[in-house]
Amino acid sequence: MKREKNWEIQYGALQKAIDNTAINYFWYYPKENLNIMSEKSCREYKCKSRYEGAPESFAKDFILPWEMDSFYHMCEKIKMGAETATEVFHRPDGVSTYRVTLTTVETDGEGEPQEVIGVIENDCLKQQMNIIEVLGEIYESNYYVDLRGKTFQEVRSNGYARKAIGRVGDVLEAVKTYCENLVEDTYYDIMKAFMDIETLPERLMETKSICVEYLSKTRKWYRASVLTHLHLA
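Only a predicted model underlies this, so the values are computations on that prediction, with no experimental measurement involved.

### Focus on the pairing of strand β5 (residues 97-107)
Logical step 1: Direction of pairing for strand β4 (residues 84-90) relative to β5: antiparallel, over a ladder of seven bridges. Following the sheet pairing, Glu87 is matched in β5 by Val100.
Logical step 2: Relative to strand β6 (residues 113-122), β5 runs antiparallel, the two being bridged by nine bridges. Of the residues in β6, the one forming a bridge with Tyr98 is Asn122.
Logical step 3: From the end of β5 to the start of β6, which pair antiparallel, there are five residues, and Gly111 there has a positive phi angle of about 85 degrees.

### Section: the nonpolar core
Logical step 1: In terms of nonpolar packing, the biggest core is built from 23 residues, with Phe26, Met37, Phe62, Ile63, Phe71, Val100 and Leu102 touching the most fellow members.
Logical step 2: Sorting elements by how many residues they give to this core places helix α4 (residues 68-79) first, with five residues.
Logical step 3: For Phe62, the contacting residues outside a window of four places in its chain are Met37, Tyr45, Cys47, Tyr51 and Tyr98.
Logical step 4: If you look at the next biggest cluster of nonpolar residues, it comprises 22 residues, including Ala161, Cys179, Met191 and Tyr214.

### Looking at the packing of aromatic side chains
Aromatic ring pairs are reported here in terms of the distance separating the ring centres and the angle at which the planes meet.
Logical step 1: Scanning the model with the defined rule gives 14 aromatic pairs in all.
Logical step 2: On the numbers, 5.0 Å between centres and 35 degrees between planes, the contact of Phe26 with Phe58 is tilted. Here the residue Phe26 occupies a position in strand β1 (residues 24-29), and Phe58 occupies one in helix α3 (residues 56-62), the gap between them amounting to 32 residues. Summarising the burial analysis for this pair, Phe26 and Phe58 share the class buried.
Logical step 3: Ring centres 5.7 Å apart and planes at 25 degrees place the aromatic pair Phe58 and Phe71 in the stacked group. Residue Phe58 is located in helix α3, and its partner Phe71 is located in helix α4; the two are separated by 13 residues in the primary sequence. Like Phe71, Phe58 is buried.
Logical step 4: Members of the aromatic cluster, each reached through a chain of ring pairs, are Phe26, Tyr45, Tyr51, Phe58, Phe62, Phe71, Tyr72, Phe89 and Tyr98.

About the thresholds
Each chain carries its own residue numbering, running from 1 in the written order of its sequence. Under the rules for a predicted model, residues below a pLDDT of 70 receive no local features and side-chain atom pairs below 80 are neither given nor counted, while totals for whole chains, interfaces and linings still include all residues. Side-chain calculation: all heavy atoms of the structure are included, whereas hydrogens and water are not. Pairing between strands is defined by DSSP: at least two bridges between the two strands are required. Numbering of helices and strands starts at the N terminus; helices are DSSP runs of H or I of at least 4 residues and strands are runs of E of at least 2. Side-chain atoms within 4.5 Å are what join buried Ala, Val, Leu, Ile, Met, Phe, Trp, Tyr and Cys residues into a set we call a nonpolar core. When accessible area is computed with a 1.4 Å probe and restricted to protein chains, residues below 20% of their type maximum are described as buried, those above 50% as exposed, and intermediate ones as partly exposed. Contacts: residue pairs with any heavy atoms within 4.5 Å of one another. Here the aromatic set is Phe, Tyr and Trp, taking the six-membered ring for Trp, and pairing holds for ring centres within 6.5 Å; pairs whose planes are under 30 degrees apart are stacked, those over 60 apart are edge-to-face, and all others are tilted.

Okay, structure coming up:
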């Protein structure tokens, strides 16, 4: 009894933790042809809480016509005994995407799935990275910066910058290292101020981008830019 009570507390805590993320979820019962959506999913997607006749009824509300085959194939893999299956689908706007992962959590005596949990993840970060790659063709080095987490991730780079700051890491340390090793001394303070992520939100409140030109230690001129219309903050 105590073990069951502890499990209920842990399960409630897990649901609360998930509710504070960009993840949504639902339960799928293949033998009953039933989907039950979480309260969070119902709120965010304004969908029904139950889908009788699943997966077809669920697909009508969530899956675009030309992606139906991929969705049914994913469900069929689960029915055939796969422990997990995942696919990426487009939202109704035809541009943004989300990833659906089905995982079997309970089977019957014959190994057929009885209960499946579906997880819906927003794929917006991947889209942002793809956009940055396209725009980045005009720059030698490009980075995705998470202002909240104070981290950076390389999208593409020349060996010069990569050797100095690496591919991923703490953005505050990267700024310090970059300026000390790559920026000509007379432009050090200018670049340090420009790359100060603590003041970026305020400086970018009324504009989509800012830039500055600086001289490198190799005596070459460069332009550094920050783009905010990609929601990098």
